[in-house]
Amino acid sequence: AGGGPTRGEFKEITEKDILVFKNTVGVKNVIEDEAQLQPINTDWLSHYKGHSKVAICPENTQQVAKILRYCNDEKIAVVPQGGNTGLVGGSTPVFDEVIINMKKMNKIESFDPLLGVIVCEAGCILQNLDEFLREKGFLMPLDLGAKGSCQIGGNVSTNAGGIRYVRYGSLRGNILGLEAVLPDGTVLDSLTSLRKDNTGYDIKQLMIGSEGTLGITTKLAILAPRLPSVVNVVMLAVKSFQDVLEILGAAREQLVDILSAVEFLDLVSMKMSLSYLDVVYPLQ
Ligand SMILES: Cc1cc2nc3c(=O)[nH]c(=O)nc-3n(C[C@H](O)[C@H](O)[C@H](O)COP(=O)(O)OP(=O)(O)OC[C@H]3O[C@@H](n4cnc5c(N)ncnc54)[C@H](O)[C@@H]3O)c2cc1C
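Residues numbered from 1 in each chain as written. Predicted model: local features only at pLDDT ≥ 70, side-chain atom pairs only at ≥ 80, totals over all residues. Heavy atoms only, no water.

Teacher, can you tell me more about the sheet that holds strand β3 (residues 78-81) here?
Strand pairing in a sheet takes place through backbone hydrogen bonds and is either antiparallel or parallel in direction. With mixed pairing, 4 strands are arranged side by side in an open sheet as β1-β2-β4-β3. The open sheet terminates on both sides in strands that have one partner only, identified here as β1 (30-31) and β3. Note that β1 and strand β2 (residues 55-56) share 2 bridges and pair antiparallel. Across the sheet, residue Val30 finds its bridge partner in β2, namely Ile56. (Pairing = 2+ DSSP bridges. Helix = DSSP H or I, 4+ residues; strand = E, 2+ residues; numbered from the N terminus.)

Printed below as a string of structure tokens:
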């Protein structure tokens, strides 16, 4: 009866736990203030609301490892959180789990222009990575509406797709290496930059799309494609969905792998966009 999930037998946070968190990551990186907790207890769509009393913002992998080891030993439940733009309620606590927010792990560690490989911490904002790469003639292999807030660690944990998928494919192919902390505090170092790596199991694939259920991703090595020298956008009006399919087929055949993105809008969506954005219908 009731239908909702029931709280597991995990511990309620004590003053002693908070003290351990503060000693591990520093007082400034532990959030207890109700007003500051409210937005990170609530998801992007305001569909889900948790009641966490504390959020921790670690600054490096060692701090993540210490926090997870302690929480595991003490049976304290945690929820990893990136930019909190996920649309399926995975980034907010269901009950009073401790939020481990990754925003302080936002450093770019290296970029290799020969291989096009960027190594960065998981809390880097997607748009910041894209801007960094554009200055060097490259771009991120994914782009999505939440790019100004979402973090690359969150993108990987949700296996996000986005509008460059048609051209650059899944993150499963573009993530070359990954470092993560497992629930018991063990650091999984799989941060290779090798494009062809056929040495045994590909553990990182388990982390991609796992929504933070297997551990916390702390660093990533990502394959960045070259920035195209030109970008052309075309908008076509067609009469039926069959026409859409035919145009898509022709575009794929003639543009081959320079086709970057395809977006289909039916008339209902178009009218809705026009009224909300207050713009004029661009076609006859
Ligand atoms: C306007 C808008 C447009 C979007 N467009 C697309 C789209 O085109 N394609 C698409 O696929 N999705 C899209 N999304 C949803 C998309 O999944 C998220 O925006 C993004 O990938 C999540 O990143 P985040 O940093 O906000 O993660 P969060 O929302 O904070 O977290 C998402 C999940 O990942 C986990 N997580 C976060 N960081 C880590 C970490 N470092 N280690 C382990 N687990 C972690 C969380 O626990 C949670 O389960 C969109 C969302 C919005 C709001």
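It is not clear to me how the packing of helix α1 (residues 15-25) against helix α3 (residues 61-74) should be interpreted in this structure. Could you clarify?
Each pair of packed helices gets described by two things: the angle between the helix axes and the distance between those axes. One can describe the packing of α1 onto α3 by two numbers: an axis separation of 9 Å at closest approach and a directional angle of 165°. Compared by their axis directions, α1 and α3 come out roughly antiparallel. Between α1 and α3 the crossing geometry is right-handed. In this structure, α1 uses Lys16, Asp17, Val20, Phe21, Thr24 and Val25 to contact α3, whose residues at the interface are Gln63, Lys66, Ile67, Tyr70, Cys71 and Glu74. Looking at side-chain class alone, the contact of α1 with α3 contains 6 nonpolar, 2 polar and 4 charged residues. (Axes fitted to C-alpha atoms, helices over the stretch in contact; angles between N-to-C directions. Parallel < 35°, antiparallel > 145°, perpendicular 65-115°, else oblique. Left-handed = near helix turned anticlockwise from the far one by under 90°. Contact = heavy atoms within 4.5 Å. Nonpolar A, V, L, I, M, F, W, Y, C, P; charged D, E, K, R; others polar.)

Teacher, can you tell me more about the site of the ligand here?
Close to the ligand lie 31 residues, the nearest being Pro80, Gly82, Thr85, Gly86 and Glu211. Separating an oxygen atom of the ligand from a backbone N or O atom of Gly82 is a distance of 2.7 Å. Asn155 places a polar side-chain atom, nitrogen or oxygen, 3.0 Å from an oxygen atom of the ligand. Here the ligand loses 85% of its free accessible area of 970 Å² to cover by the protein chains. The element best represented in the shell around the ligand is helix α5 (residues 152-158), accounting for 5 residues. Across the shell around the ligand, the residue classes break down as 10 nonpolar, 20 polar and 1 charged. Each of domain 1 (15-101) and domain 2 (108-223) contributes no fewer than three residues to the shell around the ligand. (Near = heavy atom within 4 Å. Polar contact = N/O pair within 3.5 Å; in protein donor to acceptor, adjacent residues only side chain to side chain. Areas by Shrake-Rupley, 256 points an atom, 1.4 Å probe, with all protein chains shown as cover. Domains from an automatic or database assignment.)

Treat this as a map of the structure, not an account of what it does.
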